[in-house]
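# Per-entry structural report
Chain by chain, the residues:
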Amino acid sequence: MRTFTYFFALLSALLLTSAQTLPPFKCPPIQASPPATDARHLHASDIKVAMALGDSISAGFAMKEHFILDGLFEFRGSVFSIGGDGSAKDGDYTLPNFFEQVNGFKPAGASEGKSLPLDAIKFEKKIIQLHDAKVAKLNGAVSMAQVQGVPEQVDYLVGQLKQMPGVDMENDWKLLTILIGANNLCVACENGKNYSNPDNYKAMLNQVLEQVHENIPRVFVNLMSVFNISQVHTWDDKSRYCETVHKYVDECPCLEKGDAERQTMDEYAVYFNQRLEEIESEWAAKAIPDFHVSLQPGIRDLEILDLGDLSGVDCFHPSKIADSGFALALWNNMWTPPGQKSTTVDWSSPFKCPTADTLLQ
């Protein structure tokens with residue numbers, strides 16, 4: 001009986017298909033604009049380098065797999081913010097692929113391929129290596145990372161930038177996308193978790209931004225809002241497989257504890273997003289010519305619409321279609337003025353196509 005139940009649970013994972021579809025990316029090539037001299041006046045053609053910081057979402061963990069027997073990989077080459085596999089015309093929706101179609105070249109630093117989550121490979125309780133640079137390129141994200149671990153990711157980016165062929169460290173404009181906080185929210189219900197405190201979260205992110213500003217010239221930062229992770233739990237009732245995985249795999253401690261703990265996660269997500277707004281305003285007031293921080297709220301009010309939006313491995317991480325939705329929301333917001341940006345994925349929205357005069361915002 002146990003064997004049958006386990007087999008049924010695994011088989012049910014195959015049913016995690018999404019009803020969501022995305023519009024085609026049809027943006028035409030654009031003429032290069034005169035080189036920018038200020039981070040607040042960048043055009044698409046100015047972006048020569050792509051970078052990313054974050055956790056397992058930005059590492060692409062379990063994005064393409066259907067169920068746990070597929071193995072556990074990070075599909076960095078397909079991540080919305082930094083992936084370089086394939087092309088936008090073939091449905092590989094990532095920022096580097098979008099830029100390739102409009103600029104005629106792919107930004108340096110785009111990740112390629114897949115790798116194991118190296119943060120889980122340890123010797124004498126110590127991580128041997130956090131990144132496979134041949135795959136990650138300028139994707140500094142680390143699975144399971146919390147905000148206090150991001151400074152080490154910045155160190156990785158700086159080291160890679162200094163040795164990457166074709167990158168002009170001093171003169172190239174670089175697009176950096178940061179999505180961090182999910183794993184801090186996952187322990188928000190536990191006392192003593194200092195970096196789940198919203199003020200500490202803000203302080204650490206400001207430290208990260210200062211580190212980037214001091215060590216990497218000419219950067220436009222996409223600072224992404226966080227979303228309510230607790231809604232993942234509501235899908236346990238829809239899938240025996242997901243219920244079983246969440247019971248035995250403790251990826252997010254507060255998620256399975258109870259309603260009160262999940263409510264705490266949601267409250268802290270609001271606090272985190274408030275602090276992100278403060279960070280954007282404070283950095284804007286500094287008016288630094290070669291460094292700008294733009295809050296991109298495209299997934300702040302994200303709603304998980306069906307099981308197909310979740311990884312078939314753990315029913316927790318975003319699936320490939322959900323990740324592509326992130327790309328749609330982020331790309332469109334990048335060409336939208338503050339105050340008019342979307343706060344969720346609009347699956348029916350066409351892609352916005354920048355012209356030679358459109359500014360990155």
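For the structure, check the block above.
Conventions used here
Every chain is numbered independently, its residues counted from 1 as its sequence is written. Local features in a predicted model are, by the rule used here, given only for residues with pLDDT of at least 70; side-chain atom pairs are given and counted only at 80 or more, and totals for whole chains, interfaces and linings are based on all residues. Excluded from the side-chain calculations are hydrogens and water; all other atoms, namely the structure's heavy atoms, are used. Put simply, DSSP H or I for four residues or longer makes a helix, DSSP E for two residues or longer makes a strand, and each gets a number counted from the N terminus. For the exposure calls, accessible area comes from a 1.4 Å probe over protein chains only, and a residue counts as buried if that area is under 20% of its type's maximum, exposed if over 50%, partly exposed in between. Any pair of residues with heavy atoms lying within 4.5 Å of one another is described as a contacting pair. Shrake-Rupley sampling with a 1.4 Å probe provides the accessible areas, and residues are treated as covered by the protein chains on show and by no other component. When a carboxyl oxygen of Asp or Glu is within 4 Å of a side-chain nitrogen of Lys or Arg, the pair counts as a salt bridge. Note on pairing: two strands pair once DSSP finds at least 2 bridges between them. In this analysis an axis means a line fitted to C-alpha atoms, helices contributing only their contacting stretch, and an angle means the value between N-to-C directions, from 0 to 180 degrees. When we speak of the arc, we mean the arc of directions from the helix axis to the C-beta atoms. Each crossing gets its hand from how the near helix is turned against the far one by less than a right angle, where anticlockwise is left-handed and clockwise is right-handed. The residue classification treats Ala, Val, Leu, Ile, Met, Phe, Trp, Tyr, Cys and Pro as nonpolar and Asp, Glu, Lys and Arg as charged. All others, Gly included, are polar. Nonpolar cores were defined as sets of buried Ala, Val, Leu, Ile, Met, Phe, Trp, Tyr and Cys residues, with membership established by side-chain atoms within 4.5 Å. For patch building, the residue pool is restricted to those with more than 30% relative accessible area and no salt bridge; the joining distance is 9 Å between like charges and 5 Å between nonpolar side chains (Val, Leu, Ile, Met, Phe, Trp, Tyr). For this count, His and the chain ends are skipped, Lys and Arg are scored as positive, and Asp and Glu as negative. Where a charge lies is defined by one atom per residue type, namely NZ (Lys), CZ (Arg), CG (Asp) and CD (Glu). Any two of the Phe, Tyr and Trp rings considered here, Trp counted by its six-membered ring, make a pair once their centres fall within 6.5 Å; the pair's planes then place it as stacked at under 30 degrees, edge-to-face at over 60, or tilted in between. Note that a disulfide, as used here, is simply two cysteine sulfur atoms within 2.5 Å.

In this section: the overall build of the protein chain. Within the protein chain, the secondary structure is distributed over ten helices and six strands. Taken over 361 residues, the protein chain has a buried fraction of 57%. For the protein chain, long-range pairs separated by at least 24 residues make up 74% of all intrachain contacts whose partners lie at least 6 apart in sequence. With the model as given, the accessible surface of the protein chain reaches about 15,600 Å², and the carbon-plus-sulfur share is 53%.

All right, on to the pattern of salt bridges then. A side chain of one charge can pair with a side chain of the opposite charge if their charged atoms are brought near each other. Going through the model one piece at a time under the given rule, you end up with eleven salt bridges. We note a salt bridge from D38 to R40, for which the minimum N-O separation is 3.0 Å. For R40, a relative accessible area of 33% gives the class partly exposed. Among the salt bridges present, the one from K89 reaches D90, with a minimum N-O distance of 3.7 Å. No difference in accessibility class separates K89 from D90, as the two residues are exposed. Taken together, the shared-partner salt bridges in this structure form one network comprising K202, E278 and E282.

Pairing is parallel in the open sheet, where four strands are placed in the order β1-β4-β5-β6. Among the strands making up the open sheet, the edge pair consists of β1 (47–54) and β6 (291–296). The sheet shows a mean angle of 20° between the axes of neighbouring strands, taken without regard to direction. Alignment of strand β5 (residues 219–224) against β6, held across six bridges, turns out to be parallel.

The next subject is helix α8 (residues 240–248). The complete set of buried residues in α8 reads Y241, C242, V245 and H246. Buried residues in α8, looked at end-on, bunch into an arc of 125°, giving them a common side. Away from the buried face of α8 by more than 90 degrees, exposed residues K247 and Y248 are located.

Right, let's talk about the packing of helix α7 (residues 198–215) against helix α9 (residues 259–286) for a bit. Two measures define how a pair of helices packs: the angle their axes make with one another and the distance between the axes. Two numbers describe how α7 lies on α9: the axes approach to 9 Å, and their chain directions differ by 35°. At the point where α7 passes α9, the crossing takes the right-handed sense. In this structure, α7 contributes P198, D199, Y201, K202, L205, N206, L209 and E210 to the contact, and α9 contributes Y268, Y271, F272, R275, L276, E278, I279, E282, W283 and K286. Taken together, the residues of the contact of α7 with α9 sort by class into ten nonpolar, one polar and seven charged.

Within the largest apolar cluster, 58 residues are counted, with the highest numbers of intra-cluster contacts made by M51, L176, I178, L205, V221 and F291. Aside from chain neighbours lying at most four places away, what touches I178 is L53, L205, L209, V221, N222, L223 and M224. Within the second largest apolar cluster, 43 residues are counted, among which are A39, Y93, V102 and L330.

On the surface, D237, E243, D250 and E256 cluster together into a patch of negative charge. With respect to the element layout, E256 can be found in the loop between α8 and α9. The exposure class assigned to E256 is partly exposed, which follows from its relative accessible area of 32%.

This part is about the packing of aromatic side chains. A full pass over the atoms with the stated rule returns 16 aromatic pairs. Ring geometry for F98 versus W331: centroids 5.2 Å apart, planes at 65°, classification edge-to-face. Remark: W331 occurs in helix α10 (residues 320–334) and F98 occurs in helix α3 (residues 95–103); sequence separation between them is 233 residues. Aromatic side chains F227 and F326 sit 6.3 Å apart centroid to centroid with 65° between the ring planes, which places their arrangement in the edge-to-face category. Remark: F326 occurs in helix α10 and F227 occurs in the loop between β5 and α8; sequence separation between them is 99 residues. Given a relative accessible area of 11%, F227 falls into the buried group.

Moving on, we get to the state of the cysteines. By the definition in use, this model includes four disulfides. Here C27 pairs with C353 through a disulfide, and the sulfurs are 2.2 Å apart. Where C27 bonds to C353 through sulfur, the torsion about that S-S bond is close to -85°, and the disulfide is left-handed. One end of the pair, C27, is in the loop between α1 (2–13) and β1; the other, C353, is in the segment after α10, and 326 residues separate them in sequence.

Taken across its seven residues, strand β4 (residues 173–179) has seven buried, putting it largely inside the fold. Pairing between β1 and β4: seven bridges, direction parallel. When the bridges of β4 are listed, I47 appears paired with W173. With five bridges connecting them, β4 and β5 associate as parallel partners. Following the sheet pairing, I178 is matched in β5 by L223.

Before going further, it helps to examine the environment of G86. Tracing the sequence through the fold places G86 in the loop between α2 (56–59) and α3. Each C-alpha atom, one on G86 and one on E112, is 9.3 Å from the other, the two residues being 26 residues apart in sequence. Ignoring any residue separated from it by four or fewer positions in sequence, one finds G86 in contact with D92, N97, E100 and K106.

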